[in-house]
Amino acid sequence: MAVFVHLTDLHLRPPGVLTLGRIDTDRYVVQAIDAINARHPDIDAVIVSGDITDLGEDEAYNRAAMLLSRFPVPVIVVPGNHDQTAALREAFRAFPGLGEETVPGKACHAHRVAGVTLVALDTSIDQLATNGHHGELGAAQLEWLDATLSQAGPALIAMHHPPFGVGIGFMDKIGLADARGFAKVLARHENVLRIVCGHVHRTIVSEVGGVPAIAIPGVAHQVVMALDDATPAALVMEPPAYGVHMVDNGRAISHIGYVESYGTPVLFDNPVPA
Ligand SMILES: [Fe+2]
């Protein structure tokens, strides 16, 4: 069985700076890494699905690379809408796939780990040039994905923006622009077991062309569950969490774990005397 831990939306600022003036993301990220390393000693890789930093400063990327190096397994990183790809590449050049540019302008890469191909897609755009937070894969990356999947075997795809609508109006406005093009490529392959995402800072499950897709909560703040088009964008301090995706006998199984500890487990076979 292959086991992959998944964390997302770290939103780090330089050390000592609170994210959005109020969230100590550094502390949350340290707590998440410590909890995962203590609870899951036998994993095959870690997936980090974007928004490594909140505003793209070099010091924030250097701190992120140092913290994520605490995992004793390969760490597969994709950028999100808050990331600056060039700065991320510079700080993460020792991480798998980020030292070379396979598709011009995109940080996509693929790795065979424990019998599963982890395909990392880059949905980020030049946020500074476009002033936008939506995602876009682009034709060249979709071609690369098509070619990669044709020789991948069982595969998991990691990407920041979910390739499906989530029903939260303010998040769907900054969704994946070319989700249809992505679905067309998926339809040509039968080896994708699951699509795993971030961006929406919540657990949301859907499917794309019959492939189960899951977005997971962030390791710090979450997005409010506003199931309408009118609520303004807002965050909420629901519990930080991470995903665990297991692949066994050609099937993927996904769990969500909370970073915080909720006490010592109590055996079912140990009732309190009446
Ligand atoms: Fe985010």
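The structure under discussion appears in the preceding block.
Here the structure is a predicted model, which is why all the values come from computation and not from measurement. (Residues numbered from 1 in each chain as written. Predicted model: local features only at pLDDT ≥ 70, side-chain atom pairs only at ≥ 80, totals over all residues. Heavy atoms only, no water.)

Peer 1: Is there a simple way to think about the packing of aromatic side chains in this case?
Peer 2: The geometry of an aromatic ring pair comes down to the distance between the two centres and the angle between the two planes. Considering all chains together, one arrives at two aromatic pairs under this definition. Ring centres 4.6 Å apart and planes at 55° place the aromatic pair F92 and F95 in the tilted group. Taking the centre distance of 6.1 Å and the plane angle of 75° together, the rings of Y258 and Y262 count as edge-to-face. Relative accessible area serves as the criterion here: at 45%, Y258 is assigned to the partly exposed category. Residue Y262 is classed as exposed on the basis of its relative accessible area of 56%. (Phe/Tyr/Trp six-rings, centres within 6.5 Å; stacked < 30°, edge-to-face > 60°. Buried < 20%, exposed > 50% of the residue type's maximum accessible area, 1.4 Å probe, protein only.)

Peer 1: Quick question: what am I supposed to make of the nonpolar core here?
Peer 2: Counting residues in each nonpolar core, the largest one holds 36 residues, and the members touching the most others are L7, V46, V48, L68, F71, V77 and F92. Every element with two or more residues in this core is listed here: β1 (2-7), α1 (25-39), β2 (45-49), α2 (58-68), β3 (75-78), α3 (85-91) and β12 (241-248). Top contributing element to this core by residue count: α1, with six residues. For V46, the contacting residues outside a window of four places in its chain are V5, L7, F71, V73, P74, V75 and I76. (Core = buried A, V, L, I, M, F, W, Y, C linked by side-chain atoms within 4.5 Å. Helix = DSSP H or I, 4+ residues; strand = E, 2+ residues; numbered from the N terminus. Contact = heavy atoms within 4.5 Å.)

Peer 1: I tried to follow a nonpolar patch on the surface on my own but got confused; where do I start?
Peer 2: Side chains of L20, L235 and M237 sit close together on the surface and give an oily, nonpolar patch of about 260 Å² of accessible area. What makes M237 partly exposed here is its relative accessible area of 43%. (Patch = residues over 30% accessible without salt bridge, like charges linked within 9 Å, V, L, I, M, F, W, Y side chains within 5 Å. Areas by Shrake-Rupley, 256 points an atom, 1.4 Å probe, with all protein chains shown as cover. Salt bridge = Lys/Arg side-chain N within 4 Å of Asp/Glu carboxyl O.)

Peer 1: Help me out: how do you make sense of the coordination of the iron ion in this one?
Peer 2: Around the iron ion, the protein contributes the donor atoms D9 (OD), H11 (NE2), D51 (OD) and H201 (NE2), at 2.0 to 2.3 Å from the metal centre. One way to put it: the four donor atoms around the iron ion meet at angles of 86 to 175°, and that makes the site irregular. Positions of the donor residues of the iron ion along the chain correspond to the pattern D-x1-H-x39-D-x149-H. Here the residue D51 occupies a position in the loop between β2 and α2, and H201 occupies one in the loop between β7 (192-197) and β8 (204-208), the gap between them amounting to 150 residues. (Donors = N, O, S within 2.8 Å, 3.2 Å for Na, K, Ca; no water. Tetrahedral: all angles 85-135°; square planar, octahedral: opposite > 155°, others 65-115°.)

Peer 1: Would you mind going over the packing of α1 against α2 with me for this structure?
Peer 2: Packed helix pairs are specified by the crossing angle of their axes together with the interaxial distance, meaning the distance between the axes. Relative orientation of the contacting elements α1 and α2 amounts to 15°, with a least axis distance of 10 Å. When the interaxial angle is binned, α1 and α2 end up roughly parallel. Between α1 and α2 lies a crossing of right-handed hand. Of α2, the residues touching α1 (which contributes D26, V29, V30 and I33) are R63, L67 and L68. Looking at the contact of α1 with α2 residue by residue, the class counts come to five nonpolar, no polar and two charged. (Axes fitted to C-alpha atoms, helices over the stretch in contact; angles between N-to-C directions. Parallel < 35°, antiparallel > 145°, perpendicular 65-115°, else oblique. Left-handed = near helix turned anticlockwise from the far one by under 90°. Nonpolar A, V, L, I, M, F, W, Y, C, P; charged D, E, K, R; others polar.)

Peer 1: Looking at this model, I keep getting lost on the pairing of β12. Mind explaining?
Peer 2: Taken residue by residue, a regular strand's side chains alternate between the two faces of the sheet. Within β12, seven of the eight residues are buried, which leaves it mostly tucked inside the rest of the structure. Pairing between β1 and β12: five bridges, direction antiparallel. Residue pairing across strands places F4 opposite H245, the latter belonging to β12. In terms of strand pairing, β12 meets strand β13 (residues 251-258) through eight bridges, oriented antiparallel. Among the inter-strand pairings, M246 is bridged to a residue of β13, identified as I253. Between β12 and β13, which follow one another and run antiparallel, lie two residues, and N249 among them has a positive phi close to 50°. (Pairing = 2+ DSSP bridges.)

Peer 1: Help me understand unusual backbone geometry, please; the structure alone is not making it clear to me.
Peer 2: Most peptide bonds take the trans form, and the phi angle of most residues other than glycine is negative. We note that D9 has phi near 55°; this positive angle belongs to a residue other than glycine. Turning to its location among the elements, D9 is positioned in the loop between β1 and α1. Phi at H201 takes a positive value of approximately 50°, unusual for a residue other than glycine. According to the relative accessible area criterion, H201 is buried, its value standing at 5%.

Peer 1: How should the state of the cysteines be read in this particular structure?
Peer 2: Put plainly, two cysteines are in a disulfide when a covalent bond ties their sulfur atoms together. This model, assessed by the stated rule, comprises zero disulfides. Of all cysteine sulfurs, the one in C197 lies closest to C108, which takes part in no disulfide; the gap is 16 Å. Since its relative accessible area comes to 0%, C197 is described here as buried. (Disulfide = S-S within 2.5 Å.)

Peer 1: Before we go on, may I ask you to explain the sheet that holds β12 in this structure?
Peer 2: Strands pair in a sheet through their backbones, by hydrogen bonds, and they do so in one of two ways: parallel or antiparallel. Pairing within the open sheet is mixed, and its five strands lie in the order β3-β2-β1-β12-β13. Only two strands of the sheet have a single partner each, and these edge strands are β3 and β13. For this sheet the average axis-to-axis angle between neighbouring strands, irrespective of direction, equals 20°. Where β1 lies against β2, four bridges are found, and the strand directions are parallel. Across the sheet, V5 pairs through a bridge with V46, a residue of β2.

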